Amino acid sequence: KQEVTQIPAALSVPEGENLVLNCSFTDSAIYNLQWFRQDPGKGLTSLLLIQSSQREQTSGRLNASLDKSSGRSTLYIAASQPGDSATYLCAVSGGNNDMRFGAGTRLTVKP
Amino acid sequence: NAGVMQNPRHLVRRRGQEARLRCSPMKGHSHVYWYRQLPEEGLKFMVYLQKENIIDESGMPKERFSAEFPKEGPSILRIQQVVRGDSAAYFCASSHYRGNTEAFFGQGTRLTVV
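Below is a summary of the structure that appears in this document. (Residues numbered from 1 in each chain as written. Chains lettered and ligands numbered in written order. Predicted model: local features only at pLDDT ≥ 70, side-chain atom pairs only at ≥ 80, totals over all residues. Heavy atoms only, no water.)

**Focus: the overall build of chain B**
1) Next: Along the backbone of chain B there are 0 helices and 11 strands.
2) Next: Walking chain B from its N terminus toward its C terminus, one meets helices and strands in the order β-β-β-β-β-β-β-β-β-β-β.
3) Next: On C-alpha atoms alone, chain B measures out to a radius of gyration of 13 Å, which is about the 13 Å that the 2.2 N^0.38 rule sets for 114 residues.
4) Next: Across its three principal directions, the C-alpha atoms of chain B cover 40 × 25 × 25 Å.
5) Next: Long-range pairs, those at least 24 residues apart, make up 52% of the contacts in chain B with a sequence separation of at least 6.
6) Next: Split by element, the accessible area of chain B, about 5900 Å² in all, is 46% carbon and sulfur. (Helix = DSSP H or I, 4+ residues; strand = E, 2+ residues; numbered from the N terminus. Rg over C-alpha atoms; globule rule 2.2 N^0.38 Å. Contact = heavy atoms within 4.5 Å. Areas by Shrake-Rupley, 256 points an atom, 1.4 Å probe, with all protein chains shown as cover.)

Below you can see the structure in the form of structure tokens.
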């Protein structure tokens, strides 16, 4: 059974800092890994999708890496802004594309 | 091209009533997934459906919960005889293909049982 863990559970940083969010999973037989952002009381917004054959994906100030063999992914956010404050969720997909989620990292970027 | 549409956005039910949650996938998507999110927790997989078929319902409670995705119309998550513990946000996602594709989420339905 796939277990997904995200560390830290919460993170508070001053504006402008670079930061790293971590995601680990127990079963390396995944099809893809997706990072989402969730604002309070809102739905999920897809940030980055990494296929199992890929090592990383980049979008603007975001960079996500995947090390499938060790069961790890990181989301790197450069030059953080107050608007980045949200909960960040990672999800891994198996053969049915049924995603298993971590509990999320709640990020606060202080002005 | 509208995204995944869920309705209602908010639903209040008294204990013992039925709750029906609707999800219209993105145009062209035939795979639908339902998730439940309790306060301060991540999303928990409930069920995966294709048109007219339930593919994986391993995350669905054995009683009171059912899901369908008919040939025509939205996917429906139905909760019978709701209890306070059913209060949660229910999210639906859709994708084009099974397997290695991106899934898109709706805004969720927030169910409150009073």
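**Looking at the interface of chain B and chain A**
1) Next: With 25 residues of chain B in contact, the opposing surface of chain A contributes 23 residues.
2) Next: The junction of chain B with chain A conceals about 1900 Å² of combined surface from both sides, 45% of it contributed by carbon and sulfur atoms.
3) Next: Linking chain B with chain A are 0 salt bridges, by the criterion used here.
4) Next: Connecting chain B to chain A are 5 residue pairs in polar contact (both at pLDDT 80 or more). (Buried area = accessible area lost by both parts, 1.4 Å probe. Salt bridge = Lys/Arg side-chain N within 4 Å of Asp/Glu carboxyl O. Polar contact = N/O pair within 3.5 Å; in protein donor to acceptor, adjacent residues only side chain to side chain.)

**Looking at the state of the cysteines**
1) Next: Applying the stated rule across the entire model yields 2 disulfides over all chains.
2) Next: Linked covalently through their sulfurs, Cys23 of chain A and Cys90 of chain A form a disulfide whose S-S length is 1.9 Å. As the torsion about the S-S bond is roughly 60°, the Cys23 of chain A-Cys90 of chain A disulfide counts as right-handed. Of this pair, Cys23 of chain A sits in strand β3 (residues 19-25) while Cys90 of chain A sits in strand β9 (residues 86-93), and the two are 67 residues apart along the sequence.
3) Next: What pairs with Cys23 of chain B in a disulfide is Cys92 of chain B, and their sulfur atoms sit 1.7 Å apart. Taking the sign of the S-S torsion, -45° for the link of Cys23 of chain B and Cys92 of chain B, the bridge is left-handed. Of this pair, Cys23 of chain B sits in strand β3 (residues 19-24) while Cys92 of chain B sits in strand β9 (residues 88-95), and the two are 69 residues apart along the sequence.
4) Next: With a relative accessible area of 0%, Cys23 of chain B lands in the buried category. (Disulfide = S-S within 2.5 Å. Buried < 20%, exposed > 50% of the residue type's maximum accessible area, 1.4 Å probe, protein only.)

**Let's talk about the pattern of salt bridges**
All names here are of chain B.
1) Next: Taken as a whole and judged by the stated rule, the model has 5 salt bridges over all chains.
2) Next: Residue Arg20 is joined to Glu18 by a salt bridge in which the shortest nitrogen-to-oxygen separation is 3.7 Å.
3) Next: When the shortest N-O distance is used, the salt bridge between Asp86 and Arg64 registers 2.7 Å. With Asp86 in the loop between β8 (75-79) and β9 and Arg64 in the loop between β6 (53-56) and β7 (65-68), the pair connects residues that are 22 residues apart, well separated along the chain.
4) Next: Its relative accessible area of 25% is what places Arg64 among the partly exposed residues.
5) Next: Salt bridges here are not isolated pairs; linked through shared partners, they connect Glu18, Arg20 and Arg78.

**Some points on the sheet that holds β8 of chain B**
All names here are of chain B.
1) Next: Judged by pairing direction, the sheet is antiparallel, and its 4 strands sit side by side in the order β1-β3-β8-β7 without closing on themselves. In this open sheet, the two edge strands, each paired with only one partner strand, are β1 (5-7) and β7. Between one strand axis and the next, the sheet turns through 15° on average, direction left out of account.
2) Next: Looking at chain direction, β3 and β8 are connected through 5 bridges and run antiparallel. Looking at the pairing, Cys23 lines up with Ser75 of β8. (Pairing = 2+ DSSP bridges. Axes fitted to C-alpha atoms, helices over the stretch in contact; angles between N-to-C directions.)

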